[in-house]
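Okay, here's what each chain looks like letter by letter:
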Amino acid sequence: MSDHVYKLVELVGSSKTGTDDAIRNAIETAGQTIRHIDWFEVSETRGHVVDGKVAHFQVTLKVGFRIENG
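Computed from a predicted structure; not experimentally measured.

### A short note on the sheet that holds strand E1 (residues 6-15)
- As summarised here, the arrangement of the 3 strands in space is E1-E3-E2, forming an open sheet in which the pairing is antiparallel. Looking at strand neighbours, the two that pair on one side only are E1 and strand E2 (37-50), the edges of this open sheet. Taken over all neighbouring pairs, the strand axes of this sheet differ in orientation by 15 degrees on average, direction set aside.
- Sheet analysis places E1 next to strand E3 (residues 53-66), joined by 10 bridges and oriented antiparallel. Looking at E3, one finds that Val-12 is bridged to Thr-60.
- Contacts between helix H1 (residues 19-30) and the sheet are confined to E1, E2 and E3, with E1 contributing the most and set at about 130 degrees to the helix.

About the criteria used
Residues numbered from 1 in each chain as written. Predicted model: local features only at pLDDT ≥ 70, side-chain atom pairs only at ≥ 80, totals over all residues. Heavy atoms only, no water. Pairing = 2+ DSSP bridges. Helix = DSSP H or I, 4+ residues; strand = E, 2+ residues; numbered from the N terminus. Axes fitted to C-alpha atoms, helices over the stretch in contact; angles between N-to-C directions. Contact = heavy atoms within 4.5 Å.

Take a look at the structure:
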């Protein structure tokens, strides 16, 4: 097994549905331009309230991806 080097980026995903959807939106969108995403860590969850109801969720996450050798 070889050693790996990772880079961290911070993303914010949002969704009207829920936090899981916000996480998936962030990772799937980032995956269109970032290769080798291996893990994520949720660092913050927040939302927007309109007329006393949750209008949408926002999740801040750190995403780790492997740096390619070569």
